[in-house]
Each structure stands twice: as structure tokens, then as C-alpha cells.
Amino acid sequence: MTTPATADLNIFRESITAETPETVAERARVRDFLADALEQGLMTPACDSWLSGHSPAFSRELGRHGWIGMTWPACYGGRDASTMTRFAVMEELLAAGAPVAAHWFSDRQIGPGLLRHGTEAQRQFFLPALARGDVFFCIGMSEPESGSDLGSIRTRATRTDTGWSITGAKIWTSHADKSQFMLALVRTGVPGQKTTDALTQVIIDMSAPGITVRPIEMLGGRTHFCEVTFDDVHVEDVMVLGAVGNGWRQVLGELGFERSGPERFLSTFPMVDGLTGIGANPARDADVGSLVARLSVLRAMSARISHHLDGPVAPGVAAAVVKDLGTTLENDSIQIARRWLPTLTDAARRVQLSEHLHHAQTHAPGFTLRGGTNEIMRGIIAGALGVS
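These numbers were taken from a predicted model, which means no experiment stands behind them.

*Asks:* Just checking my understanding: could you explain the packing of helix H2 (residues 21-39) against helix H4 (residues 56-64) for this structure?
*Replies:* Angle between the axes and distance between the axes are the two parameters that describe a pair of packed helices. It is at 12 Å that the axes of H2 and H4 come closest, and there the two elements cross at 150 degrees. Classified by the interaxial angle, the pair formed by H2 and H4 is roughly antiparallel. Relative to H4, the crossing made by H2 is right-handed. Across from Phe33, Leu34 and Ala37 in H2, the residues of H4 making contact are Phe58, Glu61 and Leu62. Along the lines of polarity and charge, the residues of the contact of H2 with H4 split into 5 nonpolar, no polar and 1 charged.

In C-alpha cells form, the structure reads like this:
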């Protein structure tokens, strides 16, 4: 029997037309920009740069070229560009290892969330600034002792005379120490109320009194993850996103954006690219060829989902498939790069690949955690197929 969840997987059967001349031209424009940025020293290619490469200056430059919020309406600072064109721009930035982390969440899910659930005042205030790369958001979902189980979050918003008082903690919040605002999922319901009606999304000014941010050092010494605590932090009613009690449903829609994009399988692409075109070696070619084949399939799957992200129902199951397969591929690519690094005879290429491998390895523990663990993804898929 076909259910809405299993029908979600039919997205992968759809055909997609070839890129339009507009998209092809935009892709070429991005490549030219990236070549110039590399030559001028504005960027250094790196693995996982969409999450760890935080450069406000680079993001502002992308905003100046119209590459942030490009599908948003022009009245909110966007370009009314097609989903296909935006997907092409994302691919080019990710493949180049560009430092796009500062604006990534804003472009990927904050903007769409505001367009779908925000008030007109919220859209007018935030969206143009996000599109320019002048304002950055972090995402407050995961909590200590909650992990991927968003239904168990305990950060509470208590009603006051003028708004809400927020108390609790969030963890693994990327760039909370560098963002002006957080979109946080908080508990507003009464004890015993169904989770689906007990959660709300609020926009929190990160400069407000009562907020403490503690960066978490990763294996490589970087600190994009943070732990954030809230002690009676005031949030006005006008900073509630959507309806009070509708946070669970809103977040499910956002997770479709978060789990299905090409960043879920292109985090290690600069390293994979370093393994290609380096002479005949049948065993190495077979390994690299398998990665390229899997990348091609995931690209096709992700592109199909992207056409449905603005629809009435988020493609949650299909997004979970891409997230699971994509992050598994990224970890496999590290094993293959480690296997063949010693065989490279080109010293310069070996040094560059070694740097990419080091960066990828130190970030790898987070690949299958962020956006929901792979175990959670497989549970979602199994449930949709009726085999859980």
C-alpha cells in the first residue's frame, strides 16, 4: 500500500530536464569568480568548508554577486532565480571547498523558514540583510542528553507579560559564537502535552543578557561547534517564528532542506578531486571510480528533491535517504584517500591531498551526526517502508 511517506520516495523516479542556458551561464560565472578568489588569496580550498569555513567577508562578496537567497523574491533581497540555478551555484561552491559557513544556514533554511512561516515584519527585517551577507544565524536544535531526539528537548520558554523567558541549553550549535541570531526550538507546552503541539520556534538575539556560549574544540583544533546556555533570556512575541505550538511541524519541514542538499555528499570533494587524473593504477581507479559513480547518483537524487522543497509537504524520507547515503560516502572517501595517498608520486599533489585528508579525518566524527544520526535516518526510512 502506498502511503505519503513511501510516495515521497517516488521523487527519485522523476526525470529532470537539462540545465537551462541561464543555469549554465551562472555556473560559469561562479567558476570564474572562484578562480579569481583563489588567485587573489580570498579563499583556501578545504574539506567540510560549508560548516567550518566561516568567512563573513567571503559571504558578503557572494551576497554582492547575488548568490545568497537567490530563489527568494526580489522584494526581500533575492533574485527570483530557479531552484536549478541555485543548485548549480551550491555545487560549484562546495566542489571548490569555498568558505561559505557564515551564511550557509541562513540561505539553506532560515530564509525559507521566514518565507513560509514568518510575519511580513520579520521578512522585511531579516531577509534583505541575510541576502547581503550582513546577518548570520545559527540553529538551536540539539541539546545535552537529547542528541537526535528533538522530541525530548527541555529548553523551556515561559510566558511573561511582554513575551517569553528562555531557560535551558543547546549543544553542537555551529558558529553560535559568531552569529547575531539563533533560530531555536523550545518547549512552550504544558507537562504531558503531545510533543507535536508543545514546541515552538523563536528567534533569539545572541547579544541578549543571560546567554553564555562555550566553543567546543574539535580534533583538529577548530571550534565551530558550541554549547549555548540560556538563563532567563527575554524574547519578545514578535520574535516567535510561526504559530506557538507549531515548532515540531515547522522543524520537520526545515530538516528536508538540511538533509537533502549536496553538502551531504560533497564535504570531502576537494580530497576526492585530488585523487583523479593521476595516472594508471587499476585498483586505485576502481576505488575512485566507485566514489565518482556514487557521487553521480547522489547528485541526481539531491537535485530531484530540491524541486520539491518549496512544496506543501517536506520530502522527509527522501531527504533521509540522501543524508544516510551521502555521509556514508564521505567516510568511505576518507578510507580510500588514506589507502592511496602513499602511492602518489607528485610531491605537490601528495602534500595537498594530505592536507585535505587531515582536515576530513578530524571532521569525520561529525559527518554522520549532524542533521540527525544515520541510525535515526535509517529508522525514518524503515518506518516509511513498514519494516521497523
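That shown, we press on.
*Asks:* For this particular structure, what's the right way to read the packing of aromatic side chains?
*Replies:* Here a ring pair, both rings aromatic, is described through the centre-centre distance and the interplanar angle of the planes. Within the structure shown, the criterion is met by 8 aromatic pairs. Where tryptophan 50 meets tryptophan 104, the ring centres are 6.3 Å apart and the plane angle is 45 degrees; that geometry is what we call tilted. Linking tryptophan 50 in helix H3 (residues 49-52) with tryptophan 104 in helix H6 (residues 101-117), this pair joins segments that are 54 residues apart in sequence. The residues tryptophan 50 and tryptophan 104 share a single accessibility class, namely buried. Seen in terms of ring centroids, tryptophan 172 and phenylalanine 225 are 5.5 Å apart; in terms of plane orientation they differ by 70 degrees. Their pairing is edge-to-face.

*Asks:* Mind showing me how you'd approach the pattern of salt bridges here?
*Replies:* Side chains carrying opposite charge are able to pair once their charged atoms draw close together. One pass over the full model with this rule turns up 25 salt bridges. Of the charged contacts, one joins glutamate 143 and lysine 170 as a salt bridge, the two residues approaching to 2.9 Å between their closest N and O atoms. Highlighted residues: glutamate 143 in the loop between strand S1 (137-140) and strand S2 (156-159) and lysine 170 in strand S3 (residues 163-170), separated in sequence by 27 residues. No difference in accessibility class separates glutamate 143 from lysine 170, as the two residues are buried. When the shortest N-O distance is used, the salt bridge between glutamate 258 and arginine 264 registers 3.9 Å. One network of salt bridges, in which partners are shared, links Glu19, Arg27, Arg31, Glu91, Glu92 and Arg299.

*Asks:* What is the right way to look at helix H7 (residues 120-132) in this model?
*Replies:* A turn of α-helix holds 3.6 residues, and therefore any two residues three or four places apart point the same way. The first and last C-alpha atoms of H7 sit 19 Å apart over 13 residues, in line with the 18 Å expected at 1.5 Å per residue. At phenylalanine 126, H7 shows its maximal bend, which comes to roughly 25 degrees, and the proline proline 128 appears one to four places after that position. Burial in H7 covers these residues: Gln122, Arg123, Phe126, Leu127, Pro128, Ala129, Leu130 and Ala131. Tucked inside the fold, the buried residues of H7 contact H4, H6, S1, strand S4 (181-187), strand S5 (199-205) and strand S8 (240-241).

*Asks:* Please clarify how the side chain of serine 260 should be interpreted in this entry.
*Replies:* Positionally, serine 260 belongs in helix H9 (residues 247-260). Since its relative accessible area comes to 3%, serine 260 is described here as buried. From its side chain, serine 260 meets the backbone oxygen of glycine 256 in a polar contact 2.6 Å long.

*Asks:* Got a minute to help me understand the packing of H2 against helix H5 (residues 83-95) in this structure?
*Replies:* Between H2 and H5, the least distance of the axes is 9 Å, while the angle of their chain directions is 25 degrees. One finds that H2 runs roughly parallel with respect to H5. As H2 packs across H5, the resulting crossing turns out to be right-handed. Counted together, Glu22, Thr23, Glu26, Arg27, Val30, Arg31 and Leu34 of H2 and Met84, Thr85, Ala88, Val89, Glu91, Glu92 and Leu93 of H5 form the full contact between these two elements. Each residue belonging to the contact of H2 with H5 can be placed in one class, and the counts come to 6 nonpolar, 2 polar and 6 charged.

Reading the values: rules and limits
- Residues numbered from 1 in each chain as written.
- Predicted model: local features only at pLDDT ≥ 70, side-chain atom pairs only at ≥ 80, totals over all residues.
- Heavy atoms only, no water.
- Axes fitted to C-alpha atoms, helices over the stretch in contact; angles between N-to-C directions.
- Helix = DSSP H or I, 4+ residues; strand = E, 2+ residues; numbered from the N terminus.
- Parallel < 35°, antiparallel > 145°, perpendicular 65-115°, else oblique.
- Left-handed = near helix turned anticlockwise from the far one by under 90°.
- Contact = heavy atoms within 4.5 Å.
- Nonpolar A, V, L, I, M, F, W, Y, C, P; charged D, E, K, R; others polar.
- Phe/Tyr/Trp six-rings, centres within 6.5 Å; stacked < 30°, edge-to-face > 60°.
- Buried < 20%, exposed > 50% of the residue type's maximum accessible area, 1.4 Å probe, protein only.
- Salt bridge = Lys/Arg side-chain N within 4 Å of Asp/Glu carboxyl O.
- Expected span 1.5 Å × (residues − 1).
- Bend = angle between axes of the 7 residues up to and from the residue.
- Polar contact = N/O pair within 3.5 Å; in protein donor to acceptor, adjacent residues only side chain to side chain.

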